[in-house]
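Fold and contact review
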Amino acid sequence: MSDVVIHFAGVSKNFAAKGGITEAVRDVNLPIARNEFVCVVGPSGCGKTTLLQLCAGLARPTAGRVVYKGREITGINTDAGYITQESNLYPWRSLIENVEFSLEMRGMAKAERRREAQQFIDLMGLAGFEEHYPYQLSGGMQKRASIARTMVYDPDVVLMDEPFGALDAQTRMILQAELLKVWSLKAKTILFITHDIVEAIALADRVVLMTRRPGTIKDVFRVDLPRPRNVFEIHGQPGFAEMYRRIWEHFKVEMKVE
Ligand SMILES: Nc1ncnc2c1ncn2[C@@H]1O[C@H](COP(=O)(O)OP(=O)(O)OP(=O)(O)O)[C@@H](O)[C@H]1O
Ligand SMILES: [Mg+2]
């Protein structure tokens, strides 16, 4: 199947630490198609970040394989953009220098990379802070800066680990809308982790629900809400409430909520 860009095939991952072995994920099977937007939801500690790390080639599966564009991942996967759960900006570089870093690595001329970087800084609402260093930015701004830093080099596959988690609700919706715009214009494949069922429904083609640790796939929900979607009014969309209820019915069992 050449249209499958990311394929978790029977993937399990155990971590050895001082206290013993943690079984993080167990037997995950998930093919993700080109240009698909897939959201993964699940309780804290169920192995969501672990799945992204496996896909980024930063960890190896204990069993099974992660296949990326037809090849098993055996080293660091630099092809996919990876927006980590913690912002990891370079503290010694200003905001704009952080955003243009990958363009610099590619040898792009200074004026051109400044222009490109500025475009994404504006898009992320960071204009005016170009010369600030990461410690001079708020948590939400750092988050937006790491998104700009990844999107600027236009990877066709993007792994996003709760990228909007630390933001206020309004900023979050604005960035969701921007992300959907970028996704539809630039034909990207996105694997997006979130705690938020509303966010998952607003963004995804499919929502993957994981169980408590060891994380396995409990269910996969196809979201048929029409596109383009209005994330600001997603609650009122016909079909939204039913979708939310279906996912929450399963999710709450994993959260031990009655
Ligand atoms: N490098 C590591 N060494 C040891 N254990 C680890 C390591 N990375 C993750 N784990 C363990 O694997 C489990 C899954 O962690 P993971 O970070 O994937 O969860 P998560 O679903 O992303 O959680 P959250 O929603 O809180 O971000 C946890 O129990 C964690 O302690
Ligand atoms: Mg995580």
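Above this text is the structure in question.
Quick summary incoming for the structure in this document. (Residues numbered from 1 in each chain as written. Chains lettered and ligands numbered in written order. Predicted model: local features only at pLDDT ≥ 70, side-chain atom pairs only at ≥ 80, totals over all residues. Heavy atoms only, no water.)

**Observations regarding the coordination of the magnesium ion (ligand 2)**
Using the following cut-off: For Na, K and Ca the donor cut-off is 3.2 Å; for every other metal, N, O and S atoms count as donors within 2.8 Å. Water does not enter the count, which can leave sites looking incomplete. A helix here means a DSSP run of H or I that spans at least four residues, while a strand means a run of E at least two residues long, and both kinds are numbered starting from the N terminus. Working definition: with a 1.4 Å probe on protein chains only, accessible area under 20% of the residue-type maximum means buried, over 50% means exposed, and in between means partly exposed.
Around the magnesium ion (ligand 2), the protein contributes the donor atoms Thr49 (OG1) and Gln85 (OE1), which lie 2.0 to 2.3 Å from the metal centre. Linking Thr49 in helix 1 (residues 48-55) with Gln85 in the loop between strand 6 (81-83) and helix 2 (95-99), this pair joins segments that are 36 residues apart in sequence. Among the residues examined, Thr49 registers a relative accessible area of 25% and is labelled partly exposed. Given the relative accessible area of 33%, Gln85 is considered partly exposed.

**Notes on the packing of aromatic side chains**
Filter applied, for reference: The pairing test for Phe, Tyr and Trp rings, Trp by its six-membered ring, is centres within 6.5 Å, and the orientation test on the planes gives stacked under 30 degrees, edge-to-face over 60, and tilted for anything in between. Whether a charge sits over a ring comes down to the Lys NZ or Arg CZ being within 6 Å of the ring centre and within 35 degrees of the ring normal.
Following the criterion strictly, the structure yields 7 aromatic pairs and no others. Ring geometry for Tyr90 versus Phe101: centroids 4.9 Å apart, planes at 70°, classification edge-to-face. One end of the pair, Tyr90, is in the loop between strand 6 and helix 2; the other, Phe101, is in helix 3 (residues 101-105), with 11 residues separating them in the sequence. Site record: aromatic cluster; members linked through ring pairs are Phe37, Phe164, Trp183 and Phe192. Here Arg149 stacks its cationic end above the ring of Tyr90, 5.2 Å away from the centre of that ring.

**Considering the nonpolar core**
Going by this rule: Only buried residues count toward a nonpolar core, which is a set of Ala, Val, Leu, Ile, Met, Phe, Trp, Tyr and Cys residues joined through side-chain atoms within 4.5 Å. We call two residues contacting when some pair of their heavy atoms lies within 4.5 Å.
If you look at the biggest cluster of nonpolar residues, it comprises 49 residues, and the most contacted ones within it are Phe37, Met160, Leu179, Ile190, Phe192, Ile201 and Val207. Apart from the residues within four sequence positions on either side, Met160 is in contact with Leu52, Ile83, Met151, Leu179, Ile190, Leu191, Phe192 and Ile193.

**Here we look at the sheet that holds strand 9 (residues 206-210)**
Two orientations exist for strands paired in a sheet by backbone hydrogen bonds: parallel and antiparallel. Applicable threshold: In this analysis, strands are considered paired if DSSP registers two or more bridges between them. A fitted line through C-alpha atoms serves as each axis, taken over the contacting stretch for helices, and the angle formed by two N-to-C directions is quoted from 0 to 180°.
Spatially, the 6 strands line up as an open sheet ordered 6-7-8-3-9-10, and their pairing is mixed. Of all strands in the sheet, those bounded by a partner on one side alone are strand 6 and strand 10 (217-222). Direction aside, neighbouring strands of the sheet carry axes that sit 15° apart on average. In terms of strand pairing, strand 3 (residues 37-41) meets strand 8 (residues 189-193) through 4 bridges, oriented parallel. Bridging from a neighbouring strand, Phe37 pairs with Ile190 of strand 8. Against the sheet, helix 1 contacts strand 3, strand 6, strand 7 (157-161), strand 8 and strand 9, and its axis sits at roughly 150° relative to strand 7. Of the strands in this sheet, strand 3, strand 9 and strand 10 touch helix 8 (residues 240-255), which is tilted by about 170° from strand 10.

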